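# A look at the structure
The primary structure of each chain is shown beneath.
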Amino acid sequence: MPSEIKRLFDFPYYQLETYNLSKAFTTKYNGKWQSVSTKEYIEQANAISRGLLRLGIKPDDKIALISTNNRTEWNVCDIGILQVGAQNVPIYPTISKEDYEYVLNHSGCVYCFVSDVEVLEKINQIKSKTNLKDVFTFDDIEGERSWKEVLNLGKDKSNQDEVEFRKSAVTPDTLATIIYTSGTTGRPKGVMLTHKNIVSNVISSEKRVPFEYGKERSLSFLPICHIFERMILYLYQYCGVSVYFAESIDQLSANAQEIKPNVMTAVPRLYEKIYDRIYAKGAELSGIKKKLFFWAIELGLKYKPYKANGWWYEKQLSIARKLIFSKWQAALGGELKLMVSGSAPLQPRLARMFAAAGMPVMEGYGLTETSPVISVNDQRNGGFRIKTVGKVINGVEVKIAESGEILVKGPNIMVGYYKDPEKTAKVLKDGYFHTGDKGEICEDGFLRITGRTKEMFKTSGGKYVIPTLLEGKLKQSRFIEQVMVIGEGEKMPAALIQPNFKFVREWAKRHQILLGDNTSITDNKKVIERIQEEVDECNTNFGKWERIKRFELTPDEWSIDGGHLTPTMKMKRKIIKGIYNNLYEKIYRP
């Protein structure tokens, strides 16, 4: 019988006993894929543990991990840190050096592992203002200390007994990690998660994934510093899934064609981008090929699970899959059986299209504070329903407050925010975590998200508006890349819209409209009129008080680096409003 899993570092040992993979993790270095087996993974993690002990690491010390891309080294260091009773503090690589300074000081990190020169440069600018004793790099960088130094420190196995002693002292209730949420407003909060929090979530989530254990390949590219992808990587270890790390988002399709993954996870924005690229290529076709492409698209948008559309629809769908959708599958390796989506609402049209194409996206729901999964769809046994986030996983309890807020209780709920009892007390009440999301549970147990309690606002006329509903509808337009609905305390709802500049240029070319830079697009009368049509179409789905009366187009692309978006692609509403205050004033005080 394999060992019982109670702590996060039990997962690799379970994998060794159960599957003993020859390719546990695979990363591409200098154009070549390099793998480590389960055995090598554990040996390296133990070497890191021994090296950390020789560096003087004590139980409850904090060690930061910052990596631009997911890679084998991150996972090795993660297990190495946890085995000695220390805590892993993962940090988003894209945040500012000021935020690095805040997180490192607030958490009290004593060492830091970074991936590359770009991250190192930011760390070096603020290192003297922190308690960091040293920084180790995954890439070989001249004049800098390499993570291999820690590995080499641990080559001597004479202190392995001390590692085993430290491991035995770690209980399920021991703090494993502090994850700083990339809040849309204010300073990030440090979410404290124990071994039990995450282990329980992995084991409960495993029942919702149709893996062929020990034989599947996954492609990992979402930031591992986010609890969603991190939990998924522990889940892959538990299920014997070989993990391949994509080089970057831009290389996603090329990497997928190389490794032919069976499963991958993403946030909705990435699924939107994949779909938009496919759609754009279809629009470039001509003649019968173009007609067939758009026939398949129209068919896909009508998709319903479990053959609910009847035999004639299914017959047409089988033809569309053979002629059109098989090419979609080929673009992602041709063997993709499952995609999982989390972090933000998935547009129903995307759920329908990818399922029709034979690559179903199982949408789930959770937060960093819930380790993260609360509910998730599962194609098996009627457990997949579009426009929902699936059924609540085993061991987790959900109830809906009178206000409509989703409240959650279970072994996956965080112990609190680090050094912040006041904020902890605001969200943990009577044993329930208050998510800040509004939702409803359908009669047959599916959970549906209906909005955010904090994002809902009231106009000066006293009417409530849920901006996320309007934004979700507007983002279905190919003309609109990003949109933020505004109007709190104002006389009417309005919107700040970032056009899909690439698509708008293609549209303008077809209509013989001359355009230059982005500003020429946002100032163009015909572009504004065309986007007004999209807004008008959206408005037909909402009450008069909710409808967007005015909008302004932003001339730059919203990005993480530009400060518009969090690392998980969520809008920083307060910051966006500040960046475009001139447009805000133009709308409300012309």
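Everything numeric in this text was worked out from a predicted model, so none of it was measured. (Residues numbered from 1 in each chain as written. Predicted model: local features only at pLDDT ≥ 70, side-chain atom pairs only at ≥ 80, totals over all residues. Heavy atoms only, no water.)

### Let's talk about the overall build of the chain
For the chain, the count of helices and strands is 21 helices and 27 strands. The C-alpha radius of gyration of the chain comes to 25 Å, within 12% of the 25 Å expected for a compact globule of 590 residues. Counting only C-alpha atoms, the chain reaches 75 × 55 × 50 Å along its principal axes. Looking at the chain residue by residue over its 590 residues, the buried ones come to 57%. Considering only contacts in the chain between residues 6 or more positions apart, those separated by 24 or more positions represent 66%. Just so you have it, the chain exposes about 25600 Å², and 50% of that area is on carbon and sulfur atoms. Charge-centre separation for the chain: the mean point of 86 positive side chains lies 5 Å from the mean point of 71 negative side chains. (Helix = DSSP H or I, 4+ residues; strand = E, 2+ residues; numbered from the N terminus. Rg over C-alpha atoms; globule rule 2.2 N^0.38 Å. Buried < 20%, exposed > 50% of the residue type's maximum accessible area, 1.4 Å probe, protein only. Contact = heavy atoms within 4.5 Å. Areas by Shrake-Rupley, 256 points an atom, 1.4 Å probe, with all protein chains shown as cover. Lys, Arg positive; Asp, Glu negative; His and termini not counted. Charge placed at Lys NZ, Arg CZ, Asp CG, Glu CD.)

### Considerations on helix 7 (residues 160–169)
Those residues of helix 7 that sit buried are Gln-160, Val-163, Arg-166 and Lys-167. The buried side chains of helix 7 occupy one side of the element, clustering within an arc of 115° when seen end-on. In helix 7, the exposed residues that point more than 90 degrees away from the buried face are Asp-161, Phe-165 and Ser-168. Lining the buried residues of helix 7 we find helix 1 (10–18), helix 2 (38–54) and helix 3 (72–83). (Arc of directions from axis to C-beta.)

### As for the nonpolar core
Within the largest apolar cluster, 123 residues are counted, with the highest numbers of intra-cluster contacts made by Phe-113, Tyr-271, Phe-325 and Trp-328. Counting residues per element, this core draws most heavily on helix 9 (residues 227–239), at 10 residues. Every residue in contact with Phe-113, bar those within four places of it in the chain, is listed here: Leu-52, Ile-63, Ala-64, Leu-65, Ile-66, Cys-77, Phe-136, Phe-138, Trp-147 and Val-150. (Core = buried A, V, L, I, M, F, W, Y, C linked by side-chain atoms within 4.5 Å.)

### Remarks on the sheet that holds strand 1 (residues 25–29)
The sheet built from 9 strands is open, its strands ordered 2-1-11-10-12-13-14-15-16 with mixed pairing. One side of each edge strand has no neighbouring strand; the edge strands of this open sheet are strand 2 (32–36) and strand 16 (391–392). Here helix 2 sits on the sheet in contact with strand 1 and strand 2, set at roughly 75° to strand 2. Those strands touched by helix 9 are strand 1, strand 10 (217–220), strand 11 (242–245), strand 12 (263–266), strand 13 (338–341) and strand 15 (373–376), and its axis lies near 165° from that of strand 12. (Pairing = 2+ DSSP bridges. Axes fitted to C-alpha atoms, helices over the stretch in contact; angles between N-to-C directions.)

### Looking at the sheet that holds strand 27 (residues 550–553)
The strands making up a sheet associate through hydrogen bonds between their backbones, and the pairing can be parallel or antiparallel. Taken together, 3 strands build an open sheet; the order of strands is 25-26-27 and the sheet is mixed. Only two strands of the sheet have a single partner each, and these edge strands are strand 25 (480–486) and strand 27. Taken over all neighbouring pairs, the strand axes of this sheet differ in orientation by 25° on average, direction set aside. Direction of pairing for strand 25 relative to strand 26 (residues 494–499): antiparallel, over a ladder of 6 bridges. Bridge pairing in strand 26 links Val-485 to Ala-495. Relative to the sheet, helix 19 (residues 525–539) contacts strand 25, strand 26 and strand 27, its axis offset from that of strand 27 by approximately 135°.

### Description of the environment of Ala-64
Take Ala-64: it is sitting in strand 3 (residues 62–66). With a relative accessible area of 0%, Ala-64 lands in the buried category. For Ala-64, the contacting residues outside a window of four places in its chain are Val-89, Ile-91, Leu-104, Cys-109, Tyr-111, Cys-112 and Phe-113.

### Considerations on the pattern of salt bridges
Working definition: two side chains of opposite charge can pair if their charged atoms are close together. Evaluation of the coordinates by the stated rule reveals 31 salt bridges. For Glu-481, the salt bridge goes to Lys-273, with nearest N and O atoms at 3.3 Å. Within this pair, whereas Glu-481 is found in strand 25, its partner Lys-273 is found in helix 11 (residues 268–283), the two being separated by 208 residues in sequence. Assessed through its relative accessible area of 13%, Glu-481 is described here as buried. (Salt bridge = Lys/Arg side-chain N within 4 Å of Asp/Glu carboxyl O.)

### Quick word on the environment of Pro-567
Looking at the secondary structure, you find Pro-567 in the loop between strand 27 and helix 20 (573–579). For Pro-567, a relative accessible area of 11% gives the class buried. In the structure, Pro-567 is positioned 345 residues away from Leu-222 in sequence and 9.7 Å away in space, judged by C-alpha atoms.

### Concerning the packing of helix 4 (residues 97–107) against helix 5 (residues 117–126)
With their axes 9 Å apart at the nearest point, helix 4 and helix 5 run at an angle of 65° to one another. Here helix 4 runs over helix 5; the crossing is right-handed. Contact with helix 4, carried on its side by Lys-97, Tyr-100, Glu-101 and Leu-104, involves Val-119, Lys-122, Ile-123, Gln-125 and Ile-126 of helix 5 and no other residues of that element. (Left-handed = near helix turned anticlockwise from the far one by under 90°.)

### Thoughts on the environment of Lys-544
By the element assignment, Lys-544 lies in the loop between helix 19 and strand 27. You can call Lys-544 exposed: its relative accessible area is 66%. Between the C-alpha atoms of Lys-544 and Met-492, which are 52 residues apart in sequence, the distance is 9.9 Å.

### Description of the packing of aromatic side chains
Enumeration according to the criterion identifies 23 aromatic pairs in this entry. An angle of 90° between the planes, with centres 5.8 Å apart, marks the rings of Phe-138 and Trp-147 as edge-to-face. Overall, the relative accessible area of 3% leaves Phe-138 in the buried class. On the numbers, 6.5 Å between centres and 75° between planes, the contact of Tyr-279 with Phe-293 is edge-to-face. In this pair, Tyr-279 is assigned in helix 11 and Phe-293 in helix 12 (residues 287–300), connecting sequence segments 14 residues apart. We note that Tyr-279, like Phe-293, is buried. The side chain of Lys-189 reaches across the aromatic face of Tyr-417, ending 5.3 Å from its centre. The residue whose ring lies beneath Lys-399 is Tyr-432, and the NZ or CZ to ring-centre distance is 4.3 Å. (Phe/Tyr/Trp six-rings, centres within 6.5 Å; stacked < 30°, edge-to-face > 60°. Lys NZ or Arg CZ within 6 Å of the ring centre and 35° of its normal.)

Functional significance is not addressed by these values, which are geometric in nature.
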